[in-house]
Each structure stands twice: as structure tokens, then as C-alpha cells.
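Examination of the molecular architecture
As a plain string of letters, each chain reads:
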2 protein chains.
Amino acid sequence: MTRLIPSAALLDKALPIRVWARAYSRGDFSADGLAAVIVTIMLIPQSLAYAMLAGMPPEAGIYASILPIIAYALFGSSRVLAVGPVAVVSLMTAAALGQVAEAGTADYASAALTLAALSGAMLLAMGLLRLGFIANFLSHPVIAGFITASAILIALGQLGPLLGIGLKGASLPELLDGIGAKLAAVNPRTALIGGLSLAFLFWVRRSMKASLRRLGLGPVLSDALTKAGPVLAVVVATLAVWALGWEAKGVAVVGTVPAALPPLTLPAFSPALIAELALPALLISVIGFVESVSVAQTLAARKRQRIQPDQELIGLGAANLAAGFSGGFPVTGGFARSVVNADAGAATPAAGILTALGLAVAGLALTPLLYFLPKATLAATIIVAVLGLVDLSILRRTFGCCRADFAAVAGTILVTLIFGVEAGISTGVILSIGLHLWRTSRPHVAEVGLVAGTEHFRNILRHKVITDPSVVTLRVDESLYFANTRFLEDLILDRTADDPALRHVVLMCSAVNEIDLTALETLEALNQHLRDRGIALHLSEVKGPVMDRLQRTPFLSHLTGRVFLSQHEAFATLTKPD
Amino acid sequence: MTRLIPSAALLDKALPIRVWARAYSRGDFSADGLAAVIVTIMLIPQSLAYAMLAGMPPEAGIYASILPIIAYALFGSSRVLAVGPVAVVSLMTAAALGQVAEAGTADYASAALTLAALSGAMLLAMGLLRLGFIANFLSHPVIAGFITASAILIALGQLGPLLGIGLKGASLPELLDGIGAKLAAVNPRTALIGGLSLAFLFWVRRSMKASLRRLGLGPVLSDALTKAGPVLAVVVATLAVWALGWEAKGVAVVGTVPAALPPLTLPAFSPALIAELALPALLISVIGFVESVSVAQTLAARKRQRIQPDQELIGLGAANLAAGFSGGFPVTGGFARSVVNADAGAATPAAGILTALGLAVAGLALTPLLYFLPKATLAATIIVAVLGLVDLSILRRTFGCCRADFAAVAGTILVTLIFGVEAGISTGVILSIGLHLWRTSRPHVAEVGLVAGTEHFRNILRHKVITDPSVVTLRVDESLYFANTRFLEDLILDRTADDPALRHVVLMCSAVNEIDLTALETLEALNQHLRDRGIALHLSEVKGPVMDRLQRTPFLSHLTGRVFLSQHEAFATLTKPD
């Protein structure tokens, strides 16, 4: 019977909270509490802003930052990761929901719950099935290109609320449609607030800290004031709109935010809705996971900790399920908030739980104060945040070194900008896998010879080597599998045609890591072709796993030549005078 | 101005007819004429049968064998390939058209034209863009599994006309739905004709030739009579139904076939229809191309000729376009008819043109004679033909040697049987590519040491080798690319942790054929990790193309260790006493 009770070690792994909670100290509590206060203050405007970006009502941003944080604290493996709405995932959410409902409607908010719950279920399933490796199929350049293009789309889209004009769409052509006429209809007051907010926030980010230091303030105070910069902008802008009565003059404000705890919501699970949202949910899950894991790893490495990708999937899955059942929308680990949390001294995930409590109190008590907060200021905070993500240097870096990477990143950026996020990231994945397959289907094959005075064989075109007219040695620089066997067969038949002195062909297999049935059948056919022309086929340097496989098939009994342990042995044996 | 006129050599390559027509002799004409007569006689029942399988009226089978043969003769590169309707492609055609219209309706026949024209356009485009290599992404086991499963579906479906029952569907569950009740309603006369035809045709295939030889007939006559066996079955069955008046007793017959030359037809190109048929057309194109090329290659190899896959695409594209514009349906090179054509002595593609003429005459003159031909006999010819394609031994052969191939072939067979041909072949391609990627994402990594008395390094687990506690050499048996860098990084960090004697890590790159930016960034990070722990990272046996790429990036200037030409040099240098 005891077998049915999971072992303590297993439970510790599945519920990381059991480990840190056991050793929780008063000192940890002070550190976590301070971090929680700082992160809470930072998250209030950010949650509202990303809710706006996702097309959701402002309170959804706060809800999406409460229960999901707690769920992640229970199951996640990073000690300092802060989950909640983030820019790229919010943009992807808006793109996905825009296909099924109109932003601002009840159907839209309800579909957001379904999207979050679907994404949560997928992440959880991937974690339980240990499918974290799926994220490895997104190459670094594709991720960098996708985030850059998404950030450009986000910044451009936020020009709408920033200037008080109606920009709609999830791609460059949609956003730029009729932009001239729209710009002529700018609301000057909105644009003034937006422009001042933007200028102030850029100054905060670029030079506020240094300026404060020059004014004689201490480093800690300068740092704290700089972090409070965005909140200051929000407070001043809100007071200004209220005092000047600009709401009546057409300046869009956040308006009434219900003062409430997160509601218990049941996502709609109609088959039609699930079918429509399944692919976006998968893309959001994978992108959110990749972003979150890279943040978590960066922060863990600082403290020589490690995170478990599969446990991260479970933590993020729990967070998104929590978002789906508490009035939120898809969430993931955010870079800025996690760094602030870590820098503020968060010692354990309890900091996240305390942040959630802080946001719950804010949601209950502070929402009336947010009525006059201008949307233009929120748009400014988003623009400043995402412009930091734009990094076009990836184009230059890949262009110099790796053409396939360049093609993948350029394709990802272009398709994301022109056709939107879903088409963009799908293109990136398909392009990078497709280009990889294409390259392995036309492998590099070198004819090699002996480097004098060694037992080493190198390319006859690149090195001065010894060869013999009766022996051709070809080193195939790729595993032999279905996609490249036809190419190889043609290449070897071409190389060995019209060479009357030739008696032996050696395939040097030091780079052949795998072999499949298609390749074995092709080698059999090649062996027969060569035999008909009086040429023996040999293999050398066959690796253990490949040799194991050859021995399980009849291939070796048909082989006209031998299998040599080393290429040196092959060359010495075959060139020895009879 | 002369540049605009293509050179003769180029024209010869694009229009192979220019080459063989120039040297055409009277002897060639006799040989081609005899082959054409034999193939024409064989093709009459076969064309009707495959039209029935594709859900088309009987005359469409004859039309699909006239202009397409001529188009292929002009553009194709094989001298003996005979194109026309074939079993697997006809089944795929029925499955695709069944999704857009009811078999037997005008919409169905019209959609068949669109499908053929679409497939022709795709093949032509692939040929002009030299995309013949796409077919290499179908592994041999996946093709074998797909053809086996398709043949089972075809044979089962033909039990309908064979027994005079109504079997419908494109998958096992659909075909077996209510089979018990249907079998109870068998038409006994139809079943008698079908059963006798089936028994006779199996005897023809298995033992007729040997029996005739035992009766004292010469080998040539025995062979010719055996080939005429199916025609004999058709003639006898037709006469029997006519003489016994069984049409009135419910035996389904071919009925009125219009006596006409192929009509000029314009395929419908509505965007909705094209969207629905695009994927099936692509799958039909690829499968048809793979089947046809393998037939053409087999026959060309007998005469030491070679075929050009890209030219084959153009030939098959022209044939399918011709089918689409002359009342046909998708066609490709058939195995049986091509072998008969070659065995009958066809010398040039003129045999195909003469066959087309023969079929045109037959279509004009013989169609009234086909009125009483029972469909049960056509079904029997199909069943006998496709049962020869069933080869379940591929399961045993892959199971013994290659688990990934086994998984791909088993998945292909199961999905084809349960969900139909389109899902089946897509599953096969996705499974084989997915499994290949999964394996390369978790590469084999061996720790190696020096084989005593040589300069050769092998796996310490498989060979008796010399090692040194301050040096760990890891041979990575795979290219380094985005899908496997995370796995490798983890593996190397695990291996090098808690080893205080360790000073040098050597990555032996003899099997690293490619490196991309993701891998370079990971190596940079690894280099830094190891440096922080006082361990130097070295590379050995880096191949030319990989070295070229490393030299185009700043990686080498950050590397803490060296790049050694050979692993032997690396080991000797690093283990030398200071």
C-alpha cells in the first residue's frame, strides 16, 4: 500500500514550495516583503497597460497578476520569476482574439479566458510529458527576430492611444492603412500628454539615475526614485487630466475600474472556439515558455542556481489555468518585473505571493483613483518598454556568419510585420527546420588523403595529402538518412565513373552518426552497382551505434569489401602491394 | 539577338523527343508498333477499372490514357514509362473528390479536371524550380507502408462491385460500417462472375504460364497468352452477361460508353475549389512522382540508362495538364504497363504515341462492345493488381533494425487504414521528419580516449583506451544546431561538474558537419562557464566548412583554449608535463 503514497523527494520536486517553505526565516520574510512592495507599485500601471494592449478591460490586467503569481509560486522552479501579462504575449493574445470577437465585447473577454485555460492545459501537458525540448526547435535568431518585429508592431499600434487616433490591426499594412488621414485627426491634448509622458519615460530610462546622482543623491535613493519614475508619470498625468477637466475634451481615460477581488470565471469550451484558438494557444504557450525560461535562466545563473525546464512548464501551465479561471488572459514570466524582483532582494517565491496580496489590496482600494489616468500615458509606458526589445543587429550578425540563420530571421521579421505574429512565428519555425533539412539533404562530402607523417586523413582540396589511384576515400559529413541518400548515391556514382584504375571505394564514416533503412537499402544498391564494375566498397571508422545497426541487418554479409576500425588501417591495407 | 534563341543542347534537354526522333529508324518503328499493340490491349480493361476506382465514368479512363501519354512522350526523360491512371493515385483521387462532390455527378467529373490540372501545374512548377529533391523527404519505409495500406483499402473497396453490394468510404471504419448486413444482400450472379473472374485472374498470375509450358506451348506464346489473360476474362465475362441476359437480373455492367475522341475540357478554377483541392493535389503529385520515378529508374537501370528527376517532373506535369484539358483525371507512370511496354520491346517514346493512337481507335470503335462488361470483372482485375502491392514485411524489416523507421511505417499504415490516404501520407512524412529531428536533438556524445599504439581515439566505454584525469575529450556525434545545443550544454556541464582534477575540456568535432548561430552562442556561454571554474575549452578536428564559419565570428578570439588540427595533437599537447 505504501507505494501509492508518493515519496517525499518526489513531492519536493513536484511542489518546490515544500523545499523553500520548510527553511523559511524571518529574514526571508523581510526581504520578500520589501521586494513585493516595489514590484506591486511597478505592476499597477504595467498590468493596466498590457491589458489595454491585449484589448482587455483594465481590471483584467490586475486579475491576471494575482492568482497566476500564486499558482506559479507553488509549482514553478525559479525563485524570483514574476509572472503576469507581458508585451509580446499580450500582442499575440490580441491577434488571436481579434479573429473570433470584437475587442471590448463580452465574447472577447470570454474567449480570452478560454485562450488562457487552453494555453495552461497545453503547458501543463507538455510539462507532465516532459516535452520541454520542443522549445529547442525555436532557434535564437528566430526568437530574436520575432521579438523585434513584435515590438515594432506593438510600438506602432500604441501610437493610437498615444495620439488619440484610431489605429487598428495586427500587422504593418493594417496599422498603416489610411495613417495620413488619421494623423490629421490627432487629439492635441491627448498627443500632448502622450508626448510628454513618452519624453519623461525615455529620460527616466536613459538619464534620470545619473542626473539624480549629479544632484548629490545617494545611489540607493537615486535607484529607488528611478524605479518609481513610471508611477510618478502616472500620478502626475492622472492629476493633470482631473484638474484640467480634459476628459470632457476627448482625452481617453481608464475610467471606472470595478473595485473587486478576482472573480471566479469559467472559460467557455465550445468545440468551435477550441478549434479556432488551438493553434494560437500553442504558439502563445511556446513563445511564452521560451521567453520565461530565458529570463529564469539568466537570473538563476547569477546565483549559480539552475531551473528545470519541465517544472517551469508546469508552473506556467498552473499560472495560465489560474488566469483562465479568475478573469485574466494569457500570462508568462516577464523580464523587467523579474529583474526588479531579484534586484529588490526577493529571497523566495513568497515574494510573489506577497505581491499578489499587494495587488489584491490595490485592486480593492486604489481603483477609484485610476479613473482619470489617461490611456496615452499607459501607451507611453508600453512604447518605452518594447523599444528596448527591438534589436535589428541580429540581421547583421547572422548575415556575416550563417546564411541559413539570416534567411530564417529575415523571413520571420518580414512575415511578422506584414502578416502578423502567428504567421511570423510559424514561418520562423518552418524556415529554420526546413533550411536545416535542406542542408542535411545535400551533405558536404570530402575526398580525403593521408597527411604525411601522421595517421590523419584530410580533404585533398584543403591539405597536402598522400593518395593512391586505386583507392578513393570519401568522407561523408552527415548522418545517412532518407533525405540525403539519393544525393549521395548520385555523387558517388559520378565520382567513380570513368576511372579505370579504381579498385576500392572507402566510405569514411567518422561523421555518420545515424543510419536508417532507406540509407541501408541505398548502400546495398550502391554496393551492387560498384561490384558490377569490379570495384569493392569498404567502410571505415564506423561508430558504435551505427555498427550495432549494421549488424542487425543482412547488409554486412553482402558487402564486397571490409569494415575497418580506422581509416589509417583501411588505407594501409588497401594500398599494400599484393 | 542570338542570345534569345535557346541553344540546341538546351532544347534537346527540355524536349527529349528531339534526341530520339532524330535517330528514329524503321526497326524502331516495328518494335514500338508491336509494343503499342500489346499495351493497348492491356490498357483497355485497366483504364476502365481505374476510372471506376476513381469514381469516374468509364470513358474518362480511356481519355486519361490518350493525350497524357503523348504529353509525356514529348517531355519525359524515360524511354519506356507508360503513364495513365494507376491504382494508388486513383484511390487518392476518389478520396479527394469525395470531399467536394458526389461520385457520378457532373461536379465530381469537373472537380477531377481541376485536380488533374492543379497537380500538373504543381509538378511542372516543381520541375522548373528543380524541386525534385522534395521527393527525397519520403523515406522508403513510409512509401512502402503507404502503398501497402492503400492497396488494402483498394482491395476492400472493390469487394463492393465484386459482390454487387454498396461499399462506400475511403477508410477502414467507413468501408466496414454495416458490412454484415451488406454481405447478406449480395447479388449472387454478380458474386459468381466476380468470384470466377478473381479465381481465373489469380490463376493467370500465379500459374498460367507454367501450365501452358507443361502443355507443350513455346515460351513466347505462353508469355503472350498469359499477358492476354485479363483481356480473355473481360471477353468471356462480357459474352456471358450478354448471353444469359443477366443485366436485367441486377448484374452491374459498364453500360453505354460514348464513342468519341477525348473532348476538350476546361477545368473549373474557382478559388474555393482550388483551396479545397490544393493539399490533395500536392499529395497526389508527390506520391505520383515518387511511384513513377522509381518505376522509371528500375527500368532505366536495366539498360544502364539514367533518368533526370527534374525532367520527369516536367513530363508528368505535362501529362496531368493534358488529362485536365481532355476529360481525364490525375495520372502517373504505372508499374505494370511500363514493364509490359519494356518487355514488349518498346525502343522509344514513340511506342507511347502509338499506344495513344490505338486507344483512340478503341475509344471510337470498341466502346459499344463494352456495354455488357460486368463491373465485377473490372473489380477482380483491380484486386489482383493491388494485392501484389501489399508487403507487410516492411514492418518486420524495420522492427529488427531501425525503431524510428518502424514507428514511421507503423504510423503510416495505421493512419492510412483508419483515417484515409491523405492523413496517412501526411502522418508518414511528419513522423519521419519529426523522429529524425528528435534524434538529432539528443545526439550521441562519447567520451573518448587514445587507442594504445595508434593515433586513434575511441569511446572509453567500448574500447580499451588511455585517458588523463586533467583532460576530458567529448566527441559530439552530430552537427551543432539550434535543436540540440541546449541538450549538449546541459550534458557537458553535468560531465564537468565536481571534477577538481579537470583542467581541459576538448570538443572533438570530427562529426560536427554544420554549426549555426544558436550553437555558437551556446558555445560562447559554455566557454565562459568553464573559464569561471578554471577550465579551458579546446576544439579538435574541426572540419573546413565549420572552421570557415568560426573564423567569420568573434568566437575564436574569446575561446580560452586552442583549436587543434587533430585529436592526437590535442591530447599530446595537453598531457605533456609542463
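In this text, all values refer to a predicted model and were calculated from it rather than measured experimentally.

Definitions and limits used
- Residues numbered from 1 in each chain as written.
- Chains lettered and ligands numbered in written order.
- Predicted model: local features only at pLDDT ≥ 70, side-chain atom pairs only at ≥ 80, totals over all residues.
- Helix = DSSP H or I, 4+ residues; strand = E, 2+ residues; numbered from the N terminus.
- Contact = placed C-beta atoms within 7 Å.
- Buried ≥ 20, exposed ≤ 12 C-beta atoms within 10 Å, placed from the backbone.
- Axes fitted to C-alpha atoms, helices over the stretch in contact; angles between N-to-C directions.
- Parallel < 35°, antiparallel > 145°, perpendicular 65-115°, else oblique.
- Left-handed = near helix turned anticlockwise from the far one by under 90°.
- Least-squares fit on C-alpha atoms with pLDDT ≥ 70 in both.
- Pairing = 2+ DSSP bridges.
- pLDDT = per-residue confidence, 0-100.
- Right-handed = clockwise from strand over helix to strand, strands pointing away.
- Expected span 1.5 Å × (residues − 1).
- Nonpolar A, V, L, I, M, F, W, Y, C, P; charged D, E, K, R; others polar.

**Some words on the overall build of chain A**
The number of helices and strands found in chain A is 27 helices and nine strands. Considering only contacts in chain A between residues 6 or more positions apart, those separated by 24 or more positions represent 81%.

**Concerning unusual backbone geometry**
Residue and element names in this part refer to chain A. One non-glycine residue, Glu541, adopts positive backbone phi at about 55°. For Glu541, the location among the structural elements is in the loop between strand S8 (536–540) and helix H25 (544–551). By the C-beta count within 10 Å, which is 26 here, Glu541 ends up buried.

**Thoughts on the packing of helix H3 (residues 26–53) of chain B against helix H12 (residues 219–244) of chain B**
Two quantities define a packed helix pair, namely the angle between the helix axes and the distance between the axes. All names here are of chain B. Following both chains from N to C, one finds H3 and H12 inclined at 45°, their axes separated by 9 Å at the closest point. Here H3 lies oblique to H12, going by the angle between them. Seen along the crossing, H3 lies across H12 with a hand that is left-handed. Along the contact surface, H3 presents Ile38, Ile41, Met42 and Pro45, while H12 presents Lys227, Ala228, Pro230, Val231 and Val234.

**Points about the environment of Ser90 of chain B**
Of note, Ser90 of chain B is situated in helix H6 (residues 87–98). Not counting residues within four places of it along the chain, the set of residues in contact with Ser90 of chain B comprises Tyr50, Leu53, Ala54 and Pro85 of chain B.

**Re the interface of chain A and chain B**
Tallying the contact residues gives 47 residues for chain A and 47 residues for chain B. Taken together, the elements giving at least two residues each to the side of chain A that touches chain B come down to helix H8 (140–157), helix H20 (393–401), helix H21 (403–419), helix H22 (421–441), helix H24 (517–532) and H25 of chain A. Tallying contributions element by element places H22 of chain A first for the side of chain A that touches chain B, with six residues.

**Looking at the relation of the copies chain A and chain B**
Superposing chain A onto chain B requires a rotation of 180° together with a translation of 0.0 Å along the rotation axis, leaving an RMSD of 0.1 Å. The superposition of one copy onto the other is thereby described by a two-fold rotation axis. It is Ala511 of chain A whose C-alpha, among those of chain A, lies nearest the rotation axis, at 1.9 Å. Of all interface residues in chain A, 100% are interface residues in chain B too; the two copies therefore contact each other through one and the same surface.

**A look at the pairing of strand S3 (residues 445–451) of chain A**
Residue and element names in this part refer to chain A. Counting buried positions along S3 yields five of seven residues, so the element is predominantly enclosed. Both S3 and strand S6 (residues 471–476) contribute to a ladder of three bridges, which runs antiparallel. Along S6, the bridge assignment pairs Ala446 with Arg475. Following S3, the chain reverses through five residues before pairing antiparallel with strand S4 (residues 457–459); Gly453 in that reversal takes a positive phi of roughly 80°.

**Let's talk about the confidence of the model for chain A**
Chain-level statistics for chain A give a pLDDT mean of 88 and a share of 98% at 70 or above. The ipTM, which scores confidence in the relative placement of chains, is 0.78 for this predicted complex, and the corresponding pTM is 0.80.

**Here we look at the pairing of strand S7 (residues 504–508) of chain B**
Two faces, one strand: in a regular strand the side chains alternate between the faces of the sheet. Residue and element names in this part refer to chain B. With five of its five residues buried, S7 lies for the most part within the structure. Burial of S7 is two-sided: the residues His504, Val506 and Met508 facing one way and the residues Val505 and Leu507 facing the other way are all buried. Bridge count between strand S6 (residues 471–476) and S7: five bridges; the pairing is parallel. Each bridged residue has a counterpart across the sheet, and for Thr473 the counterpart in S7 is Val506. Following the backbone out of S6, through helix H21 (residues 485–496) and into the adjacent parallel S7, one traces a crossover that is right-handed. The pairing of S7 with strand S8 (residues 536–540) spans five bridges and is parallel. Bridge pairing in S8 places His504 opposite Ala536. Crossover handedness for the path S7 to helix H22 (residues 517–532) to S8: right-handed.

**Section: H21 of chain A**
In a regular helix each residue adds 1.5 Å, so 17 residues correspond to 24 Å; H21 of chain A covers 23 Å between its end C-alpha atoms and thus fits that length. Residues Ala404, Asp405, Phe406, Ala408, Val409, Thr412, Ile413, Val415, Thr416 and Leu417 of chain A constitute the buried set of H21 of chain A. Buried residues along H21 of chain A sit in contact with H8, helix H10 (172–176), H20 and H22 of chain A together with H22 of chain B.

**Things to note about the environment of Leu215 of chain A**
Looking at the element boundaries, Leu215 of chain A is found in the loop between helix H12 (188–214) and helix H13 (219–227). Distance from Leu215 of chain A to Ile38 of chain A, taken between C-alpha atoms, is 24 Å for residues 177 residues apart in sequence.

**So, helix H7 (residues 106–128) of chain A**
Along an α-helix, a turn takes 3.6 residues, which lines up residues three or four apart on a common side. Here H7 of chain A is 23 residues long and its end C-alpha atoms lie 33 Å apart, about the 33 Å a rise of 1.5 Å per residue gives. Backbone geometry just downstream of H7 of chain A places Arg130 of chain A in the positive-phi region, at approximately 55°.

**Brief notes about the packing of helix H5 (residues 67–75) of chain B against helix H16 (residues 350–365) of chain B**
All names here are of chain B. With their axes 8 Å apart at the nearest point, H5 and H16 run at an angle of 165° to one another. By the criterion of interaxial angle, the relationship of H5 to H16 is roughly antiparallel. For H5 against H16, the interelement crossing comes out left-handed. Mapping the contact onto sequence places Ile69, Ile70, Tyr72 and Ala73 in H5 and Gly352, Ile353, Thr355 and Ala356 in H16. Grouping the constituent residues of the contact of H5 with H16 by class yields six nonpolar, two polar and no charged.

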